[in-house]
Amino acid sequence: MQALREKKWGDFEAVFRPWWATGGEMGRLDKELVPLLPSSLRVWASAGAGYDWADVDVMAAHGILYCNGALASSEAVADMALYHILSVFRNLQWSNTAGRSGDPDAWMDAHINAQFTARNPQGHILGLVGLGNIGYCIATKAYRALDMRIIYYDPVP
C-alpha cells in the first residue's frame, strides 16, 4: 500500500495476475486498497475463479474492469475433486502414505487392511453446495464416471 501511495510503479493501465496463487501479496482489493491504485488503471485480469479477494463493486466505482478466467480452471479443479472423492472412498491416502514411507510393515498394513474400510462410490450420494461452472463439472464427472447420485444447493436451480 505504501508503494502505491509513493507511486513506486508509476501509472499503469492493466494488471495481469497469471496464476491463482499470486496477487494476494497486496491483500484484498477493497475500499482501502483500490483508491490507491493509479487512476490510469482500467483492467485487472486474474487467473482463477471467484471474487473472494476482489471487491468488484468498489473496483467498478473506480472505473476498473475485473476479469477472471473462471472456466479455465473448472476441469482441473473438478479432476482434483474427483481424486479426493475416490481417495476418501478407497483409502488412497493410507496406501499412498504407506507406499511412500519405505516401511514394508506400513505398506503391508495398508495393503491388507485398507480393503476392509474402502467403499465403492457407485450409488452413493454426492452433495454439492453451489452448482456453478466447477460444481457442475464435478457433478457431471461423478455421475458419469462413478455412477453417483447428485444432490445440490444453489441459489439458481
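Before reading further, recall that the structure is shown in the block above.
Worth saying up front: this structure is predicted, and the values here are computed from it rather than measured. (Residues numbered from 1 in each chain as written. Predicted model: local features only at pLDDT ≥ 70, side-chain atom pairs only at ≥ 80, totals over all residues. Heavy atoms only, no water.)

Turning next to the pattern of salt bridges. Tallied over the full model, the rule gives three salt bridges. Two residues, Lys7 and Asp11, come together in a salt bridge whose shortest N-O distance is 3.5 Å. Comparing Lys7 with Asp11 shows no difference in burial state: the two are exposed. When the shortest N-O distance is used, the salt bridge between Asp79 and Lys141 registers 2.8 Å. (Salt bridge = Lys/Arg side-chain N within 4 Å of Asp/Glu carboxyl O. Buried < 20%, exposed > 50% of the residue type's maximum accessible area, 1.4 Å probe, protein only.)

Counting 15 residues, the largest nonpolar core has Leu29, Val34, Leu37, Leu41, Trp44, Met59 and Ile64 as its most contacted members. Within the second largest apolar cluster, 13 residues are counted, among which are Phe89, Cys137, Ile138 and Ala139. (Core = buried A, V, L, I, M, F, W, Y, C linked by side-chain atoms within 4.5 Å.)

Let's shift gears to a nonpolar patch on the surface. Together, Trp107, Met108, Ile112 and Phe116 line one region of the surface with nonpolar side chains, adding up to about 410 Å² of accessible area. Considering the arrangement of structural elements, one finds Trp107 in helix H5 (residues 104-117). Overall, the relative accessible area of 39% leaves Trp107 in the partly exposed class. (Patch = residues over 30% accessible without salt bridge, like charges linked within 9 Å, V, L, I, M, F, W, Y side chains within 5 Å. Areas by Shrake-Rupley, 256 points an atom, 1.4 Å probe, with all protein chains shown as cover. Helix = DSSP H or I, 4+ residues; strand = E, 2+ residues; numbered from the N terminus.)

The subject of this paragraph is the sheet that holds strand S3 (residues 65-68). As summarised here, the arrangement of the three strands in space is S1-S2-S3, forming an open sheet in which the pairing is parallel. Sheet topology places strand S1 (14-17) and S3 at the edges, where each strand pairs with a single neighbour. Taking each pair of neighbouring strands and ignoring which way they run, the sheet shows an average axis angle of 10°. With four bridges joining them, strand S2 (residues 43-46) and S3 adopt parallel strand pairing. Each residue of the ladder has a partner; that of Ala45, found in S3, is Cys67. (Pairing = 2+ DSSP bridges. Axes fitted to C-alpha atoms, helices over the stretch in contact; angles between N-to-C directions.)

Just distances and angles here, no functional claims.
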